[in-house]
Amino acid sequence: MQTHVSTTPFGRRPMTLGQISSQMAAKAVKPDAVAHKWQVFQDIREARELLGATDRSLAILNALLTFHPETALTGDAELIVWPSNEQLAARANGMPATTLRRHIAVLVECGLVIRRDSPNGKRFARKGRGGEIEQAYGFDLSPLVARAQELHDLAEAVHAERKAFRVAKERLTLLRRDIVKLIDAGIEERVPGNWGKVLLDYQAIITRLPRSAPRQLVETISAELAPLYAEIRDALETFTKTQNPDANESHSGRHIQNSNTDLHTESEYGLRKIKEAGGSVANAATVQSLPKRELPLGIVLDACPGVLELMQGGEIRHWRDFLAAAELARPMLGISPSAWREAQEALGEQHAAITLAAIYQRADQIGSPGGYLRSLTDRAKDGKFSTWPMIMALLRAKLDAQKVPGGLDPAQSGGFPAATGLRASDALLKSLSKVKPR
């Protein structure tokens, strides 16, 4: 194929190094090279971010390809198309002329097409006496043939990165879900340990994760959560071993029953999903980590993100901001000032606000928020209510909602050995059985 390298007259569009490189690649294309234009276009669309192409520039490229009559682009054919701006704009969904010129320049800069300018800058084809095209000026599509394999490799790299990112996010989601479930099980089962510090360690890792994180950061966060997960699971399994040295006893029904009969009691006022535990959990001697002030603000906001929408800017940085958000949520829930005062007196200002945030988070599932708050207030007065299990249940439900299709194979995530012959209580063993070893 004879390739014409145009020069740019003084005062017109300058030629960049990228354009010179694409012209050199077009010159080097083999005559027997063949590329399917729509397959190449699909590869370009997949790799557009790596190439620096835009959605509108791809719309123009799609239009340009329609002006070439053949589906196969070959190295020995003339691959110049010469539509006018009006024709090109019409096939590019009526794109304005200024936008059209700007995104044509993007295609040229990306090395996907080459301008073949006529002396006067017009696009046209000169035909011979027999009707064959002797000379054409317009857009040369030969870089698509010359770079077909390169573009395919870029698309494959994008697919591989997308798959790796998906696997990394799945592993992170599973780790987060399982850590929260095991911490919840440890608190409810009164397993000795500083669970407040464990939660703080978990939150310190998770707060470094922005909403849009690159794959490398997701993998780093997962790598930091994995030892924490293993530590929590080991603690729970060790506890089950010490409580049940003889696994066969489970067949006779002998196991550690949870002494708190109020666990997971649902409100008579219509709450169906928020589960709370009695005050004995918060005050148990074996759980040294549950003083009221140890519930981190970050954990509360993670479990009750709905209150963020009440604050200007959607940010709550301090407990005073959180208390202000609770004051805004109270009238929206229809909770009377008297019910609110009683809750603050029984629970304390901070924990009353946490309780209100949890109610606000599940307001659509509670028939009477005011009545429900009074019910919790009465239970708090009797030492049968703590905000810890309520927040943990909300956080667990949130992570459960992040369904991961397929999950991960245990071999991919560390191959933590499964526990055998362990039994402390049905609830604890159920929690452990639902958590895949990592």
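Here is a short report on the structure shown in this document. Numbering of residues starts from 1 in every chain and runs along the sequence as written. Where local features are concerned, this predicted model is filtered to residues with pLDDT of at least 70; where side-chain atom pairs are given and counted, the filter is 80 or more; whole-chain, interface and lining totals use all residues. Excluding hydrogens and water, the side-chain values take into account all heavy atoms of the structure.

What to know about the layout of surface pockets
Whether a set of points on the 1 Å grid over the protein atoms alone is a cavity depends on a 1.4 Å probe fitting there but being unable to get out, while an open set qualifies as a pocket with protein on both sides within 12 Å along at least five of seven lines; lining residues are those with an atom within 4 Å of a point. Grid points are joined across faces, edges and corners, and a volume is the space filled by probe spheres set on the points. Size it by volume and the largest pocket reaches roughly 1,000 Å³. Under the scheme used here, helices are H or I runs from DSSP no shorter than 4 residues and strands are E runs no shorter than 2 residues, and both carry numbers assigned from the N terminus. Looking at the lining of the largest pocket, the elements with two or more residues in it are α8 (148–188), α9 (195–206) and α12 (297–303). Put simply, Ala, Val, Leu, Ile, Met, Phe, Trp, Tyr, Cys and Pro go in the nonpolar bin, Asp, Glu, Lys and Arg in the charged bin, and everything else, Gly too, in the polar bin. A breakdown of the residues in the lining of the largest pocket according to their chemical character gives 13 nonpolar, seven polar and nine charged.

As for the packing of helix α2 (residues 37–46) against helix α4 (residues 55–66)
It is at 11 Å that the axes of α2 and α4 come closest, and there the two elements cross at 175 degrees. Here α4 runs roughly antiparallel to α2, going by the angle between their axes. Contact residues: α2 offers K37, W38, F41, I44 and R45, while α4 offers L58, L61, N62, L65 and T66. When grouped by side-chain class, the residues that make up the contact of α2 with α4 number six nonpolar, two polar and two charged. Only the contacting stretch of a helix is used when fitting its axis, a line to C-alpha atoms as for every element, and angles between N-to-C directions run 0 to 180 degrees. Orientation categories follow fixed angle ranges, with anything under 35 degrees roughly parallel, anything over 145 roughly antiparallel, 65 to 115 roughly perpendicular, and all other angles oblique. Here, residues are in contact when the closest pair of their heavy atoms is within 4.5 Å.

Here we look at empty space enclosed by the protein
In this structure the tally under the stated criterion is one cavity of 30 Å³ or more. What lines the largest cavity is L323, A326, E327, W340, Q344, E349 and A353. Residue assignment for the lining of the largest cavity shows that the elements contributing at least two residues are α13 (319–333), α14 (337–347) and α15 (349–361).

Describing unusual backbone geometry
One non-glycine residue, N93, lies in positive phi territory at about 65 degrees. Secondary-structure assignment places N93 in the loop between α5 (85–91) and α6 (97–109). Summary of the burial criterion: residues with accessible area below 20% of their type's maximum are buried, those above 50% are exposed, and those between are partly exposed, where the area comes from a 1.4 Å probe applied to protein chains only. The exposure class of N93 is exposed, given its relative accessible area of 73%.

Looking at the packing of aromatic side chains
Note on aromatic pairs: the rings of Phe, Tyr and Trp (six-membered ring only in Trp) are paired at centre separations within 6.5 Å, and the planes decide the class, stacked below 30 degrees, edge-to-face beyond 60, tilted for the rest. Within this structure, the stated rule accounts for two aromatic pairs. Residues W38 and F41 carry aromatic rings whose centres are separated by 6.2 Å and whose planes lie at 85 degrees to one another, so their mutual orientation is edge-to-face. With W38 and F41 both in helix α2 and three residues apart, this pair spans about one turn of that helix. What makes W38 partly exposed here is its relative accessible area of 31%. Note on F41: relative accessible area 10%, which makes it buried. Here the aromatic rings of W319 and F322 are separated by 5.4 Å at their centres, their planes lie at 85 degrees, and the arrangement is edge-to-face. Taken as a pair, W319 and F322 lie in helix α13 at a separation of three residues, close to a single helical turn. The exposure class of W319 is partly exposed, given its relative accessible area of 23%.

Digging into the pattern of salt bridges
When charged atoms on two side chains of opposite charge get close, those side chains can pair. What counts as a salt bridge is simple: a side-chain nitrogen of Lys or Arg found within 4 Å of a carboxyl oxygen of Asp or Glu. By the definition in use, this model includes 13 salt bridges. Between D140 and R116 there is a salt bridge, with its nearest N and O atoms 2.8 Å apart. Of the two residues, D140 sits in strand β6 (residues 133–140) while R116 sits in strand β4 (residues 114–116), which places them 24 residues apart along the sequence. R116 matches D140 in its accessibility class, with the two residues each being buried. We note a salt bridge from R208 to E224, for which the minimum N-O separation is 2.6 Å. In this pair, R208 is assigned in the loop between α9 and α10 (215–243) and E224 in helix α10, connecting sequence segments 16 residues apart. Three or more residues joined by partner-sharing salt bridges are found here, namely E161, R215 and E219.

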